Amino acid sequence: MEIIAHLAVSLDGRTEAAGPPAMFGGAGDRARMVARRASAGAVLVGGRTFSTWPIPPELRRDWAPEAPLRPTPPTLVVTRQDRLELRPVRRGFVGADASVTFFAPDGFVVPDGLRSIAQVQRSAADPLDAALRAAEAAGCARLLVEGGWGLIRALTARGALDALHLTLCPLCLGGSASPGGPSSGPHPEMDTLRLRLVTAEAEGGAVFLHFVPERSAASATLA
Ligand SMILES: NC(=O)c1ccc[n+]([C@@H]2O[C@H](COP(=O)([O-])OP(=O)(O)OC[C@H]3O[C@@H](n4cnc5c(N)ncnc54)[C@H](OP(=O)(O)O)[C@@H]3O)[C@@H](O)[C@H]2O)c1
């Protein structure tokens, strides 16, 4: 089984924003994510990622109007916690033939609102190992990891990650990101500095980038 990861990161090294990650990556990032989902047998996410922005089975039209509507492959969530406190952003799971499986400890309680559709594989074993075994056993040829870094680090530590697709977004998200805060809607306002890429060079595996500020509005709307 091939394991690939897709992650968007800002210039100031943040992967968290007030809105969904799919927003701050921009249209090119979303298009690539949709294409990767279409080629994957399952999507794997960390419990913290799922809690912050539960991934709906279809990319929502209001988040990504340019993206084709496609069903998402089964979602596998790994956590070592007994409970996950989800934000109320899981519209799109229930009633959409979504498949969500939690790999969790023995005492795990399925979050409210997902009981009708979620499955749980409880065990005392490491939930990440259990999820990888289950994906293999289900015949998954390609597993798409949608973050976050904690999960990607755990996979690299196992030597299990085959590819990392990183979108470096021309933004400094600053200190305004509040991933645990309430949703500010499909086009969240952020205290963001947007920059424009002038040159990009690659040498010895490093990438040398030159940016200039595009605008420094205190509250830039991400489109
Ligand atoms: N910009 C993007 O593209 C993007 C994509 C995804 C996520 N994010 C953001 O990233 C943040 C979450 O990232 P994160 O790094 O904090 O968390 P994460 O990668 O989502 O969390 C790692 C998760 O894996 C679980 N886990 C289970 N087995 C594990 C193992 N063997 N080793 C390590 N972890 C294991 C951990 O469980 P425990 O919690 O029990 O330790 C934890 O829930 C969120 O704010 C999210 O919005 C951004």
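Everything below is about the structure shown above.
Presented here is an overview of the structure given in this document.

### Some points on the nonpolar core
Ile 3, Leu 44, Leu 143, Val 145 and Leu 155 are the most contacted members of the largest nonpolar core, which totals 22 residues. At the level of elements, strand 1 (2-10), strand 2 (42-46), strand 3 (75-78), helix 4 (127-137), strand 6 (142-145) and helix 5 (149-157) are the ones that each hand at least two residues to this core. With six residues, helix 4 is the largest single contributor of residues to this core. For Ile 3, the residues in contact, after removing those within four places along its chain, are Leu 132, Leu 143, Val 145, Leu 155, Ala 160, Leu 161, Asp 162 and Ala 163. Ranked by size, the runner-up nonpolar core spans 18 residues in total, among them Ile 4, Val 43, Val 77 and Ala 118.

### With respect to the packing of aromatic side chains
Aromatic ring pairs are reported here in terms of the distance separating the ring centres and the angle at which the planes meet. For the structure shown, the criterion picks out two aromatic pairs. Both rings, one in Phe 50 and one in Phe 102, keep their centres 5.6 Å apart while their planes meet at 85°; by these two values the pair is edge-to-face. In this pair, Phe 50 is assigned in helix 3 (residues 47-52) and Phe 102 in strand 4 (residues 100-104), connecting sequence segments 52 residues apart. Residue class for Phe 50 comes out buried when judged on its relative accessible area of 0%. Judged by relative accessible area, which is 0%, Phe 102 ranks as buried. Between the aromatic rings of Phe 102 and Phe 108, the centroid separation amounts to 5.2 Å while the plane-to-plane angle is 40°, which identifies the pairing as tilted. The exposure class of Phe 108 is buried, given its relative accessible area of 2%. Site record: aromatic cluster; members linked through ring pairs are Phe 50, Phe 102 and Phe 108.

Each value, and the rule that gives it
- Every chain begins its residue count from 1, and numbering advances along the sequence as written.
- Only residues with pLDDT of at least 70 get local features here, since the model is predicted, and only at 80 or more are side-chain atom pairs given and counted; chain-wide, interface and lining totals rely on the full set of residues.
- Hydrogens are left out, water is left out, and the side-chain values use all remaining heavy atoms of the structure.
- We define the nonpolar core as a collection of buried residues of types Ala, Val, Leu, Ile, Met, Phe, Trp, Tyr and Cys that are connected through side-chain atoms lying within 4.5 Å of one another.
- Here's how the labels work: a residue is buried when its accessible area is under 20% of the maximum for its type, exposed when over 50%, partly exposed in between, all with a 1.4 Å probe on protein chains only.
- Only DSSP runs of H or I with at least four residues qualify as helices, and only runs of E with at least two residues qualify as strands; both kinds are numbered from the N terminus onward.
- Two residues form a contact once any of their heavy atoms are found within 4.5 Å.
- Centres within 6.5 Å are what make two rings of Phe, Tyr or Trp a pair, Trp counting through its six-membered ring; a difference in plane orientation under 30 degrees is then read as stacked, over 60 as edge-to-face, and the rest as tilted.

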